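Structure assessment
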Amino acid sequence: MKKALATILALAMVFALAACGGGGGTTEPAPAATTPAATTPAATTPAASGPKTYKVGVAIYQFDDNFMTLYRNELLSYFESLNNDTVKYDVTIVDGKNDMAEQNNQIDNFITQGMDAIILNLVQTSSADAAIDKIVAANIPLILINREPLGDNGDESYKGILDNAKVCYVGADARQSGTYQGEIIRDLANKGDINGDGKVSYIMIEGDPENVDAQYRTEFSVKALTDAGITVECLDDQIGNWAQAKGQEICANDLAKYGDAVEVVFCNNDAMALGAATAITAAGRTVGQDIYLVGVDALEECQQMVKDGTMTGTVLNDHIGQSHTAVDVTVKALNGENIQNYYWVDYVKVTG
C-alpha cells in the first residue's frame, strides 16, 4: 500500500513539473497579447521630423497706410505659398502705429524671440541707425523695405550698414515716381498751363517730411517740368502725412484761398489724392477741364478714377513686385546665399 502511494506521488510530481515547463505556453496568455497594440509602432517607428521652420518678423510702420496694407497682405500670402513638407515660414507681422518708440520695442521683441530674419518698414528713416544696429549686432538677416533709410547728413548715405552681407534694401526709386508725375503733366496738350498765362501754378501735398520718398517725389515732380523748360509757380506746399483726410483738408483750403489759379495738384501718394479729389468736387472744379490731379501708388480706386477721367494720372508703386522680391531675398538670406545691397523695382505710369 505504501509503495502504491509513493508511486502515485512520484507520478504527480512528474506531471506538475511538465506543467511548469514548455507546455504552459499553450495554456497561459502570452505577455504580448496583454500589451496595447498602439504602443508597438511607437517602439519601432521613428517620429516624423516635420518641415524646417524659419521665424520671420515683419515690422510695418503703420497698418492704416493704404499701400502698406496691400504690401503686407501680399507679402504674407507669398510666404504662405512657399510653405511645403520640407520648409515652413512662421511669419509675425506687427503694426508700428507710426511710432518709432513702439517699433523699437517690437524690434527688441523680435531679437528676444530669436527671429531668423527681420523685414523692416521703418517708421522714421532718419532714426534708422539704432534699430538697424541692434539687428546687425544680433546677426539676424535684415531686409529693409519701402522706406530707404537716411544717413546722418540727410541723404541715403548709410552705405556702411549695407557693407554687412546680411543687410539689404528692397524698394522703388522715389525719384523715378516723382519724375513720372511731372512727365504726366508735361505730356498734356497744354503742359498743365490751363489758363494760358505761361506758367504752371500748383499746390504740393507732401507725405512724411522725414521720408525720402516724400522728399524725392516733391522735388522730382517739379524738376520734370522745369527740365522741360516749363515755368512753374508753387502756390502752396504742405505736409499731409500720407493721410486722405489731410489731403482733403489741405486741398480744400488752397482751393478756397487761390481759386482758379490752382492748375495742378501734386500728391505724394494716392490716399492724399483721394482726399484732394473730394475737395476738388466740393469746390465745383472738374479734373481734366479746369484742374489736374496726380498721385502715386496706383490704388485700385485711383486706377478706375484715371480711366473715368476724374484723376489725371498716378504712378504704380508695384506692391506685388516689391513684396515678392522682399520675400525672395529673405529666403536667400535664410539659406545662407549671398544677397545684393539693393533690389530696385520700377514704377509705372498710369494715365488711362
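All values derive from a computational prediction rather than experimental measurement.

Calculation notes
Residues numbered from 1 in each chain as written. Predicted model: local features only at pLDDT ≥ 70, side-chain atom pairs only at ≥ 80, totals over all residues. Heavy atoms only, no water. Phe/Tyr/Trp six-rings, centres within 6.5 Å; stacked < 30°, edge-to-face > 60°. Helix = DSSP H or I, 4+ residues; strand = E, 2+ residues; numbered from the N terminus. Buried < 20%, exposed > 50% of the residue type's maximum accessible area, 1.4 Å probe, protein only. Lys NZ or Arg CZ within 6 Å of the ring centre and 35° of its normal. Pairing = 2+ DSSP bridges. Axes fitted to C-alpha atoms, helices over the stretch in contact; angles between N-to-C directions. Contact = heavy atoms within 4.5 Å. Salt bridge = Lys/Arg side-chain N within 4 Å of Asp/Glu carboxyl O. Parallel < 35°, antiparallel > 145°, perpendicular 65-115°, else oblique. Left-handed = near helix turned anticlockwise from the far one by under 90°. Nonpolar A, V, L, I, M, F, W, Y, C, P; charged D, E, K, R; others polar. Right-handed = clockwise from strand over helix to strand, strands pointing away.

**As for the packing of aromatic side chains**
Counted under the stated rule, the structure contains eight aromatic pairs. Ring centres of Tyr169 and Trp344 lie 5.8 Å apart, and the angle between their planes is 65 degrees; on these two criteria the pair is classed as edge-to-face. Here Tyr169, found in strand β5 (residues 167–171), pairs with Trp344, found in strand β11 (residues 342–344); they are 175 residues apart in sequence, far enough to count as distant. Residue class for Trp344 comes out partly exposed when judged on its relative accessible area of 42%. An aromatic cluster of at least three residues, connected via ring pairs, comprises Tyr54, Phe79 and Tyr89. Note that Arg147 overlies the ring of Tyr61, its terminal NZ or CZ placed 3.6 Å from the centroid.

**Remarks on the sheet that holds strand β7 (residues 232–239)**
Pairing is parallel across the open sheet formed by four strands, whose spatial order is β7-β6-β8-β9. Two strands bound the open sheet, and with one partner strand each, they are β7 and β9 (292–294). Adjacent strand axes in the sheet meet at a mean angle of 15 degrees when their direction is disregarded. As defined by bridge partners, strand β6 (residues 200–206) adjoins strand β8 (residues 264–267) across four bridges and the pair is classed as parallel. Bridge pairing links Met204 to Phe266 in β8. Across the sheet, helix α9 (residues 212–227) touches β6, β7 and β8, and the angle it forms with β6 is around 170 degrees.

**Thoughts on the pattern of salt bridges**
Per the counting criterion, the structure on display carries 11 salt bridges. Glu249 is paired through a salt bridge with Lys246; the nearest N and O atoms lie 3.6 Å apart. Here the residue Glu249 and the residue Lys246 both occupy positions in helix α10 (residues 244–258), the gap between them amounting to three residues, near one helical turn. Exposure remark for Glu249: the relative accessible area of 41% places this residue in the partly exposed category. A residue is classified by how much of its surface remains accessible, and Lys246, at 31% relative accessible area, is partly exposed. The closest approach of N and O atoms between Asp290 and Arg285, which form a salt bridge, is 3.5 Å.

**So, the packing of α10 against helix α11 (residues 270–282)**
Axis separation between α10 and α11 bottoms out at 7 Å; the angle between their running directions is 40 degrees. Put simply, α10 runs oblique to α11. Between α10 and α11 lies a crossing whose hand is right-handed. Contacts between α10 and α11 pair Gln244, Gly247, Gln248, Cys251, Ala252 and Leu255 from the former with Ala271, Met272, Leu274, Gly275, Ala276, Thr278, Ala279 and Ile280 from the latter. Taken together, the residues that form the contact of α10 with α11 break down as nine nonpolar, five polar and no charged.

**Thoughts on the pairing of β6**
Along a regular strand, successive side chains alternate from one face of the sheet to the other. The buried fraction of β6 amounts to seven of the seven residues, a majority that puts the element mostly inside the structure. Residues Val200, Tyr202, Met204 and Glu206 line one face of β6 and the alternating positions Ser201, Ile203 and Ile205 line the opposite face, and both faces are buried. In the sheet, β6 pairs with β7 via seven bridges, with the strands oriented parallel. Each bridged residue has a counterpart across the sheet, and for Ile203 the counterpart in β7 is Asp236.

**Re the sheet that holds strand β3 (residues 117–120)**
Spatial strand order, β2-β1-β3-β4-β5-β11: six strands in an open sheet with parallel pairing. Of all strands in the sheet, those with a lone pairing partner are β2 (87–95) and β11, marking the two edges. Mean inter-strand twist for the sheet, computed between neighbouring axes without regard to direction, equals 20 degrees. Where β3 meets strand β4 (residues 142–145), three bridges bridge the pair, whose relative direction is parallel. Bridge pairing links Ile118 to Leu142 in β4. Each of β1 (52–60), β2, β3, β4, β5 and β11 is contacted by helix α13 (residues 319–334), which is oriented at about 165 degrees to β5, the strand it contacts most.

**Re the pairing of β8**
Burial along β8 is two-sided: the face carrying Val264 and Phe266 and the face carrying Val265 and Cys267 are both buried. Summarising the sheet, β8 and β9 pair through three bridges and their orientation is parallel. When the bridges of β9 are listed, Val264 appears paired with Tyr292. Crossover connection from β8 via α11 to parallel β9: handedness right-handed.

**Notes on the packing of α11 against helix α12 (residues 300–308)**
Contact geometry for α11 and α12: axes closest at 10 Å, N-to-C directions at 50 degrees. By the angle class used here, α11 and α12 are oblique. Handedness of the α11/α12 crossing: left-handed. For the pair α11 and α12, the contacting residues are Asp270, Leu274 and Ala277 in the first and Glu301, Cys302 and Met305 in the second. Taken together, the residues of the contact of α11 with α12 break down into four nonpolar, no polar and two charged.

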